[in-house]
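Each chain, letter by letter, is given below.
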Amino acid sequence: MSTGTTGTAAEVELAIGGMTCASCAARIEKKLNRMEGVSATVNYATEKAKVSYRGDVAVGDLIATVEATGYTAREPAPEPAPGSEPGEPADEPDALRPLRERLITAVVLSVPVVAMAMIPALQFTYWQWLSLTLAAPVVTYAAWPFHKAAFVNARHGAATMDTLISVGTSAAFLWSLWALFLGTAGTPGMTHPFELTIERTDGAGNIYLEAAAGVTAFILAGRYFEARAKRKAGAALRALLELGAKDVTVVREGGREQTVPVGELRVGDRFLVRPGEKIATDGTVVEGSSAVDASMLTGESVPVEVGAGDPVTGATLNAGGRLVVRATRVGADTQLARMARLVEDAQNGKAAAQRLADRISAVFVPVVIALALGTLGFWLGNGVDLTAAFTAAVAVLVIACPCALGLATPTALLVGTGRGAQLGILIKGPEVLESTRRVDTVVLDKTGTVTTGRMTLLAVHAADGTDEAEVLRLAGALEHSSEHPVARAVADGALRKLGALPVPEDFANVPGLGVQGVVEGRAVLVGRERLLADRSMELPAELARARAAAEDAGRTTVAVAWDGEARAVLEVADAVKETSAEAVRRLRALGLTPLLLTGDNRAVAESVARAVGIEEVIAEVLPQDKVEVVERLQAEGRSVAMVGDGVNDAAALARADLGLAMGTGTDAAIEAGDLTLVRGDLRAAADAIRLARRTLGTIRSNLFWAFAYNVAALPLAAAGLLTPMIAGAAMAFSSVFVVVNSLRLRTFRATG
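Residues numbered from 1 in each chain as written. Predicted model: local features only at pLDDT ≥ 70, side-chain atom pairs only at ≥ 80, totals over all residues. Heavy atoms only, no water.

As named in an unreviewed UniProt entry, the chain is Heavy metal translocating P-type ATPase, taken from Streptomyces dubilierae.

Given below as structure tokens:
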């Protein structure tokens, strides 16, 4: 990594540990930016800090500042080169283990504690001491991350959800210890009767162990599932890097071929690319000609014909002949590696949604602590004995830590994501949902999203006196022997209509132009118009008009001739999905403005847009341009949703306010998106936004009621009238309400 030098800016990326919420990231960012010559952005989701620094600052100084703030920092391991085996980070499998162990401990020990407290029939003679034995490890070991985070936050004068959990569980547990050892709660035969009476008590016979243990278990469960989702934050980059070739055949002096790992390739090396292989790195063709399928990177649906002197891009697919390529860029300089950086930059620049519970806690915690202190002071000032005054103050803290708060987000998300999975919609996490409420513009990638992503035979124009079935039989038979994507489209179209094709008696590929051969005793040519012109055959006027009209609409045309005459023109293009027009109508009904964004040429893009009812089209854009388009729309004040399926869409999906990835697309796009549509049906995008909005609404109502019941009980607690049964009933009722409210999401239905 770079180190600071006077007057020269340097950059470093630090892996940050110990963050528990978005406010932690904001705090670290604030501290780093206070340093002289330092500019930093910290991302809670990816747990990374991107720091630009100059002057006398060194990386060690940056790490020391982060550690002084109460967190850990280190320089992350370098990303592997594209095509090399990235594998899993060595420490990643262990990252969730401590949290998982704490969760299992909390659940196993909390269930009997809660059951004994809520069911009088289970309260045997010494039940309270068993509760203490079971609850102690939960409140100390299992809840340790909350206590630690609360301490760090307190050092910086901040309060978050962790503070609320720590204060509430600690108050409940410590009070229970006092009641058991110094009060009357430890006497044999003590019970919590099932009665809802409001009366003043000194609290000496009350224990709140079920509150302390239950809250810890519920909130640990929510944190565990959130951590599992965060663990995949870097998967989009790994998916991109894995797209490249792993090995490459280098052509040494004297024509000797040697297979080496792609990481050993150097600029200037000549390497061989056989038909069907991925091109190992960016380079220039020095021998051979072929069709290269670059749709994975560019979104261009039509294969690009290349020959000597033409540039090619790493990770694209050689669909035709044998090529020898000279490497011009390797490793981190390749287009694939640059795209990986685009995705990472987009993820880093995307502000992490502040968790609703943290936002509420930031206000709620100081208010509750102030109220507890005020309650203590009020009763002491009014001559009430110390025990009764402390009972009221602690009751305020206990009732302020609602068990339902831990259930509010996880239950709604669990039911919402479960229902979504049934409908082919995968929601990545709670932070995704906030964006669905705000989006007003939806940017649709063309290839593979609005269209099928495959070349398809759309029309056959036969000359007068020529039978269409005969055209398909002869052209399809010849094209069936070719691996070119356009040829495959013709052959597949002929097979669909005829069911079977004859076998050519002779076949030859004409590089860059088409194919020729003998079928059923006839000399057949299929390919570009120039293939026919080179053999002194011209298209009749009606076929020339059909070819011109098709090309004006952005379609690829294929000429067919046999026995010395031009007989037909075939239209091939990336076909629009049957459901796309309806999907666009549904997106408009949700208040979204659709926009078509593609790397394809403008004629093709406008033709597709007309077919599905989209008015705004941006065509002929490179992957980095897609990110710029999204940023420009955001700068105009729009909240942007992006729907795509290719590697070329990954960075834009990550940059957009809401990324929807087609599950039929590449892993890189799926990992970069916020929502994944398992089906290749664009109508699922409208359903996904509706479901996400409904799930967000459920979470918000859950949070409201989780606090409302407890806030309503605060005056009783402050008045010293709160009994353990009322506290338990309020907690149980709010929890039941939250679960039932979340279960309503199971009734969500997809439209149409």
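On we go.
Draft legend 1. Layout of the overall build of the chain. Along the backbone of the chain there are 27 helices and 26 strands. Here the chain holds 752 residues, and the buried ones make up 53% of them. Across the chain, the fraction of contacts at a sequence separation of at least 24, relative to all contacts at a separation of at least 6, is 70%. As displayed, the chain offers around 31,000 Å² of accessible surface, 56% of which is attributable to carbon and sulfur atoms. (Helix = DSSP H or I, 4+ residues; strand = E, 2+ residues; numbered from the N terminus. Buried < 20%, exposed > 50% of the residue type's maximum accessible area, 1.4 Å probe, protein only. Contact = heavy atoms within 4.5 Å. Areas by Shrake-Rupley, 256 points an atom, 1.4 Å probe, with all protein chains shown as cover.)

Draft legend 2. Seen up close, the pattern of salt bridges. Counted according to the given criterion, the structure contains 25 salt bridges. A salt bridge links glutamate 582 to arginine 586; the nearest nitrogen and oxygen atoms lie 2.5 Å apart. Within this pair, glutamate 582 and its partner arginine 586 are both found in helix 21 (residues 580-589), separated by four residues, close to a single helical turn. Since its relative accessible area comes to 26%, glutamate 582 is described here as partly exposed. Look at arginine 586 and you get buried, because its relative accessible area is 14%. As a salt-bridge pair, glutamate 606 and arginine 602 come within 3.1 Å of each other at their nearest N and O atoms. You can see glutamate 606 and its partner arginine 602 sitting in helix 22 (residues 602-612), four residues apart, about one turn around the helix. Of the residues examined, arginine 602 reaches a relative accessible area of 36% and is grouped as partly exposed. What you see here is one network of salt bridges that share partners, running through Glu257, Arg274, Glu277 and Arg322. (Salt bridge = Lys/Arg side-chain N within 4 Å of Asp/Glu carboxyl O.)

Draft legend 3. A look at the side chain of aspartate 445. If you trace the backbone, aspartate 445 turns up in strand 15 (residues 441-445). There is a polar contact of 3.4 Å between the side chain of aspartate 445 and the side chain of threonine 449. Polar contacts involving the side chain of aspartate 445 include one to the side chain of lysine 626, which spans 3.1 Å. In this view, aspartate 445 contacts Val450, Leu596, Leu597, Lys626, Met642, Val643, Gly644, Asp645, Asn648 and Asp649; residues no more than four positions away in its chain are not counted. (Polar contact = N/O pair within 3.5 Å; in protein donor to acceptor, adjacent residues only side chain to side chain.)

Draft legend 4. Representation of helix 20 (residues 541-552). With 12 residues, helix 20 ought to run about 16 Å at 1.5 Å a step, and its terminal C-alpha atoms sit 16 Å apart, in line with that. Among the residues trailing helix 20, glycine 554 stands out with phi positive, at a value near 85°. (Expected span 1.5 Å × (residues − 1).)

Draft legend 5. Representation of a nonpolar patch on the surface in the model. A cluster of nonpolar residues, Phe124, Tyr126 and Leu130, forms a patch on the protein surface that exposes about 290 Å² of accessible area. Note that leucine 130 resides in helix 5 (residues 127-142). (Patch = residues over 30% accessible without salt bridge, like charges linked within 9 Å, V, L, I, M, F, W, Y side chains within 5 Å.)

Draft legend 6. Fine view of the UniProt feature "transmembrane region" (unreviewed entry) in the chain. UniProt's entry tags residues 103-120, 126-144, 164-187, 207-225, 360-380, 386-409, 703-719 and 725-743 with the feature "transmembrane region" (unreviewed entry), counted in the numbering of this structure. Each end of residues 126-144 is marked by a C-alpha atom, and these two atoms are 27 Å apart; helix forms 89% of the span and strand 0%. Split by type, residues 164-187 is 75% helix and 0% strand. Its first and last C-alpha atoms lie 31 Å apart. (UniProt positions renumbered as here; feature names shortened; annotations may be inferred.)

Draft legend 7. Layout of the side chain of threonine 579. Note on placement: threonine 579 falls in the loop between strand 21 (565-576) and helix 21. Side-chain polar atoms of threonine 579 contact the side chain of aspartate 681, separated by 2.9 Å. Setting aside residues up to four positions removed in sequence, threonine 579 forms contacts with Asp681, Leu682 and Arg683.

Draft legend 8. Structural view of the pairing of strand 8 (residues 282-287). Judged from the five bridges that link them, strand 8 and strand 13 (residues 323-329) form a sheet pairing that is antiparallel. Note on strand 13: the bridge partner recorded for aspartate 282 is arginine 329. Across two bridges, strand 8 lies against strand 11 (residues 311-312) in antiparallel orientation. Residue pairing in the sheet places glycine 283 in a bridge with valine 312 of strand 11. (Pairing = 2+ DSSP bridges.)

Draft legend 9. Helix 22, seen in detail. Residues of helix 22 that are buried: Val604, Ala605, Ser607, Val608, Ala609 and Val612. Looking at the buried positions of helix 22, the neighbouring elements they touch are helix 16 (446-450), strand 16 (451-462), strand 21, helix 21, strand 22 (593-597) and strand 23 (616-618).

Draft legend 10. Up close: the pairing of strand 25 (residues 658-662). Of all five residues that make up strand 25, five are buried, and the element is covered over most of its length. Neither face of strand 25 is open: one carries Leu658, Leu660 and Met662, the other Gly659 and Ala661, and all of them are buried. The pairing of strand 24 (residues 640-644) with strand 25 spans four bridges and is classified as parallel. Bridge assignment links glycine 644 to a residue of strand 25, and that residue is alanine 661. A crossover connection joins strand 24 to the parallel strand 25 through helix 24 (residues 647-655); in handedness this β-α-β unit is right-handed. (Right-handed = clockwise from strand over helix to strand, strands pointing away.)

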